[in-house]
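# Residue-level structure breakdown
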Amino acid sequence: EPGCCGVAASAATAAAAHPSSSSSGSVYRYSPLSDLTTAPSSASLASASSTDSAASTGSGKRPLLKRQLSLDSLREYARPLLGADFRYLFLNRFLVQLCIGCIGGFAEYWLYDAVTMPPGLSAERGLAVLMLALMVPSIPAAAFVGRMSERAGGRRRLFVVPGLALMAMGMASFTVLDRFVPIVMATVAVGVGYGLFTGLDFAMALDVLGDSSTLTMDLALWHQAEVLPRLMSTPVAAAIVALFHSIEGCNHDQDVGRGCATKCTLGWTVLWAFLTCLMLLAFFSLRAIKSIS
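What counts, and at which threshold
- Residues numbered from 1 in each chain as written.
- Predicted model: local features only at pLDDT ≥ 70, side-chain atom pairs only at ≥ 80, totals over all residues.
- Heavy atoms only, no water.
- Patch = residues over 30% accessible without salt bridge, like charges linked within 9 Å, V, L, I, M, F, W, Y side chains within 5 Å.
- Areas by Shrake-Rupley, 256 points an atom, 1.4 Å probe, with all protein chains shown as cover.
- Salt bridge = Lys/Arg side-chain N within 4 Å of Asp/Glu carboxyl O.
- Helix = DSSP H or I, 4+ residues; strand = E, 2+ residues; numbered from the N terminus.
- Buried < 20%, exposed > 50% of the residue type's maximum accessible area, 1.4 Å probe, protein only.
- Disulfide = S-S within 2.5 Å.
- Expected span 1.5 Å × (residues − 1).
- Core = buried A, V, L, I, M, F, W, Y, C linked by side-chain atoms within 4.5 Å.
- Contact = heavy atoms within 4.5 Å.

Residues V227, L228, L231 and M232 make up a contiguous nonpolar surface patch of about 320 Å² in total accessible area. Here M232 lies in helix α8 (residues 215–248). Relative accessible area serves as the criterion here: at 35%, M232 is assigned to the partly exposed category.

Okay, here's the thing in structure tokens:
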């Protein structure tokens, strides 16, 4: 009958889809609902449970592994600081850049508070003159000091030490000067010293680090001695000036830029004295570096 033929054809198709077991020789009995109604075996449940357990354990270990890798990377990054010469070099650059950052960030307020300006010259224009006096002499000094150092047999101290001395003397003169023209002359001296320093700054770093296999990473750490002072100069200088202005009794909101007879000088005197001490410390830190001639 046609119906019987249709059932036979379906059975043949099912037998082809599910072949018989070769181990027992028994024929698979096809049931259309067998794949949906058959309960999972205990072995498959145990396997799934062990897989989930291993996955959860691995995910728990991943943060610990990441933390360990980050600590190892940090130790490797800071490894050059274990060397005394690199520490002194880092300190030397850090102190110089901190002093320069304080000059650039607070010179205008200093001119407002404590400096007698020439007639017709505002503190804003005076700041532009001071920045030119600082930067213009530093350019030729930095451009020629490298060639002069190589002609002197690679000697760095011969030029960097006078540069640090010029910066220290210029900042020391800021503590006593209150006229604009002498201040500009002292700023020129600071600019020349800064040029002598920056012209050989990178060369000193290479002298200290040598042919290291991690030279790029070491230079990245050394560069933080310029980045960190830029971030720190504003809060450090502001805290010193504000503290000693309050001790002096200077009402900054009323006095700044008003041209009043009473000048706010104590905070600036202490700031320049503090920066002079930092420059002297930079001078002695350079002398402590043994791998620089």
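Attention now goes to the state of the cysteines. Going through the model one piece at a time under the given rule, you end up with zero disulfides. Cysteine C99 is unpaired, with the sulfur of C102 as its nearest cysteine sulfur at 6.7 Å.

Turning our attention to the pattern of salt bridges. Throughout the structure, instances matching the rule amount to six salt bridges. Residues R156 and E150 are paired through a salt bridge, measuring 3.0 Å at the closest nitrogen-oxygen approach. The closest approach of N and O atoms between R230 and E226, which form a salt bridge, is 2.8 Å. With R230 and E226 both in helix α8 and four residues apart, this pair spans about one turn of that helix.

This part is about helix α10 (residues 266–287). The end-to-end C-alpha distance of α10 is 32 Å, a good match for the 32 Å that 22 residues give at a rise of 1.5 Å each. Of the positions making up α10, those classed as buried are G267, W268, L271, W272, L275, T276, L278, M279, A282, F283, S285 and L286.

Grouped together as the largest cluster of nonpolar side chains are 64 residues, with contacts concentrated most on L164, M167 and F174. For this core, the secondary-structure elements that each account for two or more residues are α4 (84–114), α5 (123–151), α6 (157–174), α7 (180–209), α8 and α10. Apart from residues lying up to four places away in sequence, L164 is in contact with N92, V96, F197, M279, A282, F283 and L286.

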